[in-house]
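Here is how the chains run, residue by residue.
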Amino acid sequence: MFRLAAYNCKTVPVFSRYGSGRFGSTLTFVEATKDGKVTPSSLSALNASSLLGNDITALIVGSNAPSAVNSLKELDCPQLKTIMVAKNAAFDNYLPENLTPLCANLLKQSGYSHFVAAASAVGKNLLPRVGAMCDIQPINDVVQIKDKKTFVRPVYAGNVLLTVEDSQEKKIISIRSSSFPAAATGANSASVEDIPEFEASNIDVKWEGANLLQSERPELGSAKRIVSGGRGLKNKETFEKLITPLADACNAAIGATRAAVDAGFCDNSLQIGQTGKVVAPELYIGLGVSGAIQHMAGMKDSKVIVAINKDPEAPIFQYADFGMVGDLNEIVPELTEKLQKV
């Protein structure tokens, strides 16, 4: 059951000495992949920004920014009026220590009324720092925009929806990408501007590298189909034996519960839930997933939920559109075989 509550943020009169040429406009932070494609979460952030009713300025950074500009200009987003580009290679890996001064200075020296980012790993790193530098309280993980100052966000693992009325002069929000559709492909007439150089951070930080899980599967956060495994799979060998073939047959991404990740069944980048990724695929298949509240908070917005578990009392059956009680080792191979024939 959902309860609705309200909370009024304290008014903080900041930056009133700056010009108001862009006041009533939205600055949206856009992430891009290494090959210059706008990420699905940022496409959702742009769509959410349009609901504010303001003109939108997209901020894109890094050495691949010029390629991402082309992707932005191919979006059906009439409110996107300006694309601001910072080509500095220091922004390539979205280190928040480097990004924060840039975003904070833009907010301080321009008349933007809203700053929007996706509630991705990048956004979650960036927004609290920008809020601290600008003395603005961010509103995180927004799932609904009611008007320019009223937002809905989940609390208590999604069991309560909180309506927040923000009376601050400038608003900083992150949006849950699974709650907003991505901006559609089309065209817009946005102009492109290079960002003036701001004083760099004096924090001595540099990017050393990353060990990322390489896969040809759909990216978990934006996949239309997901096959997820839980504690009921018992061990890593069973996880790989049952999950991988079924995911291949469905052309699906692979996910997991925290219990499965903590037990070493799979990499933690596959974790779905309150402390993992929030997804909303068209089809979610849970194998040996009990349905703990922390996991359900990350996938209960899936369009169709299929649960297979030997425990008929497993909480996930309360959410499932289709459920089957039985032995995974018997059911899943048969299901996989039939899907492979299809």
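Per an unreviewed UniProt entry, the chain is named Probable electron transfer flavoprotein subunit alpha, and its organism is Eremothecium sinecaudum. One UniProt comment on the chain, placed under Subunit (unreviewed entry), says "Heterodimer of an alpha and a beta subunit."

S.K.: Explain the overall build of the chain to me, using residue names and the numbers behind them.
M.R.: Counting its secondary structure elements, the chain contains 8 helices and 16 strands. Since a compact globule built from 342 residues should have a radius of gyration of about 20 Å, the 22 Å found for the chain is in line with a globular shape. Counting across all 342 residues of the chain, residues that qualify as buried make up 49%. Long-range pairs, those at least 24 residues apart, make up 70% of the contacts in the chain between residues at least 6 apart in sequence.

S.K.: Hey, could you go over the pattern of salt bridges for me, with residue numbers and the actual values?
M.R.: Using the criterion set out here, one finds 9 salt bridges in the structure. Here Asp 248 and Arg 217 are joined by a salt bridge, their closest N and O atoms 2.7 Å apart. Here the residue Asp 248 occupies a position in helix α5 (residues 236-250), and Arg 217 occupies one in the loop between β11 (191-194) and β12 (225-229), the gap between them amounting to 31 residues. On the basis of relative accessible area, Arg 217 is assigned to the partly exposed category, the value being 23%.

S.K.: Describe in detail the sheet that holds β11, supporting the description with residues and values.
M.R.: In spatial order, the strands read β6-β10-β5-β2-β3-β4-β11; together these 7 strands make up an open sheet with parallel pairing. Across the chains shown, the open sheet's two edge strands, defined by having one partner strand only, are β6 (139-142) and β11. Direction aside, neighbouring strands of the sheet carry axes that sit 25° apart on average.

S.K.: So what's going on with the nonpolar core? Which residues, and what values?
M.R.: Phe 29, Leu 59, Ile 60, Val 61, Leu 72 and Phe 115 are the most contacted members of the largest nonpolar core, which has 44 residues in total. Elements with a minimum of two residues in this core: β2 (25-30), α1 (40-50), β3 (55-61), α2 (65-72), β4 (80-86), α3 (96-109), β5 (112-118) and α4 (121-134). The greatest single-element share of this core, amounting to 6 residues, is contributed by α3. Not counting chain neighbours up to four residues away, the residues in contact with Phe 115 comprise Leu 27, Phe 29, Cys 103, Leu 107, Leu 126, Leu 127, Val 130, Lys 171, Ile 172 and Ile 173.

S.K.: Tell me about the environment of Ser 178, residues and numbers included.
M.R.: Structurally, Ser 178 can be placed in the loop between β10 (171-175) and β11. Of the residues examined, Ser 178 reaches a relative accessible area of 24% and is grouped as partly exposed. For Ser 178 and Met 299, which are 121 residues apart along the polypeptide, the C-alpha to C-alpha distance reads 9.4 Å. With residues near it in sequence (within four places) discarded, Ser 178 still touches Val 278, Val 279 and Ala 280.

S.K.: Can you lay out the side chain of His 295 for me, pointing to particular residues and giving the numbers?
M.R.: Summarising the element assignment, His 295 is placed in helix α7 (residues 293-296). What makes His 295 buried here is its relative accessible area of 5%. For His 295, the residues in contact, after removing those within four places along its chain, are Ser 228, Ala 256, Thr 257, Ile 272, Gly 273, Tyr 284 and Val 289.

S.K.: Before we move on, could you go through the domain arrangement of the chain and cite the residues and values that matter?
M.R.: If you check the domain split of the chain, you get domain 1 (25-194) and domain 2 (225-341). Taking the mean C-alpha position of each, domain 1 and domain 2 sit 31 Å from one another. Listed as interface residues are 5 residues of domain 1 and, on the opposing side, 7 residues of domain 2. For the pair domain 1 and domain 2, the two sides together bury roughly 590 Å², of which 45% comes from carbon and sulfur. By the criterion of area lost to domain 2, the three top residues of domain 1 are Ala 157, Arg 176 and Ser 178, representing 70% of everything that side buries. Summed over the shared surface of domain 1 and domain 2, the result is 0 salt bridges. One can count 1 residue pair in polar contact (both at pLDDT 80 or more) joining domain 1 with domain 2. Residue composition of the side of domain 1 that touches domain 2, grouped by class: 1 nonpolar, 3 polar and 1 charged.

Criteria and cut-off values
- Residues numbered from 1 in each chain as written.
- Predicted model: local features only at pLDDT ≥ 70, side-chain atom pairs only at ≥ 80, totals over all residues.
- Heavy atoms only, no water.
- UniProt positions renumbered as here; feature names shortened; annotations may be inferred.
- Helix = DSSP H or I, 4+ residues; strand = E, 2+ residues; numbered from the N terminus.
- Rg over C-alpha atoms; globule rule 2.2 N^0.38 Å.
- Buried < 20%, exposed > 50% of the residue type's maximum accessible area, 1.4 Å probe, protein only.
- Contact = heavy atoms within 4.5 Å.
- Salt bridge = Lys/Arg side-chain N within 4 Å of Asp/Glu carboxyl O.
- Pairing = 2+ DSSP bridges.
- Axes fitted to C-alpha atoms, helices over the stretch in contact; angles between N-to-C directions.
- Core = buried A, V, L, I, M, F, W, Y, C linked by side-chain atoms within 4.5 Å.
- Domains from an automatic or database assignment.
- Buried area = accessible area lost by both parts, 1.4 Å probe.
- Polar contact = N/O pair within 3.5 Å; in protein donor to acceptor, adjacent residues only side chain to side chain.
- Nonpolar A, V, L, I, M, F, W, Y, C, P; charged D, E, K, R; others polar.

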